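Now for the letters of each chain:
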Amino acid sequence: MKCVNHFGGYLCLPRTAQIIVNNGQEETAAETGGGRNGNPIIRRTPADHLPARIQCASGYEAADQNVCQDFDECAAGTHNCRLDQICVNLRGSFTCQCLPGYQKRGDQCIDLDECVLPPFCHHRCVNTPGSYYCQCNAGFQLTADNHTCADINECETSNPCAQLCYNIVGSFLCQCNQGFELSPDRINCDDVDECRASNFICQYQCVNEPGRYSCLCPDGYQLVRGRNCQDINECEVGHECREDEMCWNYHGGYRCYPRNPCQEPYVLASENRCVCPVSNPLCRDLPYSIVHKYMSIRSDRTVPSDIFQIQATTLFPSTVNTFQIKSGNENGEFFLRQTSSVTAMLVLVKPLAGPREHIIDLELVTVNSMNFRSSSVLRLTLIVGPYSF
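Thresholds, definitions, all that
- Residues numbered from 1 in each chain as written.
- Predicted model: local features only at pLDDT ≥ 70, side-chain atom pairs only at ≥ 80, totals over all residues.
- Heavy atoms only, no water.
- UniProt positions renumbered as here; feature names shortened; annotations may be inferred.
- Helix = DSSP H or I, 4+ residues; strand = E, 2+ residues; numbered from the N terminus.
- Rg over C-alpha atoms; globule rule 2.2 N^0.38 Å.
- Buried < 20%, exposed > 50% of the residue type's maximum accessible area, 1.4 Å probe, protein only.
- Contact = heavy atoms within 4.5 Å.
- Lys, Arg positive; Asp, Glu negative; His and termini not counted.
- Charge placed at Lys NZ, Arg CZ, Asp CG, Glu CD.
- Salt bridge = Lys/Arg side-chain N within 4 Å of Asp/Glu carboxyl O.

Per an unreviewed UniProt entry, the chain goes by the name EGF containing fibulin extracellular matrix protein 1 and belongs to Salvator merianae. Within the UniProt record for the chain, the comment given under Subcellular location (unreviewed entry) is "Secreted, Extracellular space, Extracellular matrix".

Written out as structure tokens, the structure is:
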């Protein structure tokens, strides 16, 4: 605009306005007419001393001070913006803008897909009409900025594992204590039946327990090294034999035998040795001596197996010694192998299952050059234990 002095005041007119003064005299009235290029023409007449009412260009309106000021089409509602647009007033005009999250295409506003723009979201972007929001992958959570994803420590927040929980980025792992294994759901723990896993974990009997197992031994045995069974020597730790009896321990138990095993007509000559005096007529056809021995073997011992050696205790010149099983071998479980002129070995040739007691008479027959014959017997009491250990 340009300022034009006037009677008692001034006028603000467009810079392209032309001012014509009639006959060089001041005009008292102003009239606006069409000029070149559509510019307003102000005519002054001396007849009127009052300033003329100003006419303003499009987009402006006359103010009380007879000046042109911007006309707010948005406030007046004279704009032509669509319902989904925002009217923004400009000097002398207005413009239609789209709501946030929309972009103008022609005269329409379409949704702006923020998810195709440079990444706003750490993991996943979800577009919505006029906006968007961020999502995180499983095992993560959205931070306060609503864009970044942080790992969730499931072991601290929910502890989903039945026993041991280990956090990893975006997830977690479950593990089990010793004696348990992870179930198919990868969360819970199932007891491992160690007894079914191996038949050799215990020497005698395996008992499964939650998370562990234990071994048991039968009566007469004690557990050693957690799995093996060792015979208890009841003759040393406690027995119920009488004073006239001796305690004999075997695998899995003990037995009481008389301290004097001799039966008529034999008499006790020394410990476990019975003799039949030659002065007694009843001894004529009987072995001169019977020596009582005791031994124990395990059940199902491998065969053939040497188990006992017999030896002549008295040596005479010009004599021949022979050994034989006199009794106790009715089923052929034993064989007596002579190893020298004065020794022989008792061999087990068939497996024996216990508990069982065998009484075997091993006879030594001595013949001298005068055909004098004498014999002595070793009476072996063989106890087979109930187990193979």
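Read on, since the account is not over.
A. Inspection of the overall build of the chain at higher detail. The helix and strand tally for the chain stands at 4 helices and 34 strands. A compact globule built from 389 residues would reach a C-alpha radius of gyration of about 21 Å, whereas the chain, at 63 Å, exceeds it by more than 25%. Principal axes of the C-alpha set define a box for the chain whose edges measure 195 × 40 × 30 Å. Looking at the chain residue by residue over its 389 residues, the buried ones come to 31%. Considering only contacts within the chain whose residues lie at least 6 apart along the sequence, 32% involve residues at least 24 apart. For the chain, the separation between the mean place of its 30 positive charges and that of its 43 negative charges on side chains is 7 Å.

B. Representation of the pattern of salt bridges. With the rule as written, the count across this model stands at 9 salt bridges. Residues Arg255 and Glu357 are paired through a salt bridge, measuring 2.8 Å at the closest nitrogen-oxygen approach. Taken together, the positions of Arg255 in strand β25 (residues 253-258) and Glu357 in strand β33 (residues 356-368) put the pair 102 residues apart, joining distant regions of the chain. One salt bridge in this structure joins Glu363 and Lys326, with 3.9 Å as the shortest N-O distance. Of this pair, Glu363 sits in strand β33 while Lys326 sits in strand β30 (residues 319-327), placing them 37 residues apart in sequence. A residue is classified by how much of its surface remains accessible, and Glu363, at 5% relative accessible area, is buried. Salt bridges linked by common partners bring Arg242, Asp244 and Glu245 together as one network.

C. View of the UniProt feature "domain: EGF-like" (unreviewed entry) in the chain. According to UniProt, the positions carrying the feature "domain: EGF-like" (unreviewed entry) are residues 70-110, 111-150, 151-190 and 191-230. With 10% helix and 49% strand, residues 70-110 has its two end C-alpha atoms placed 31 Å apart. In this annotation, residues 111-150 is assigned 0% helix and 40% strand; the end-to-end C-alpha distance for the span is 30 Å.

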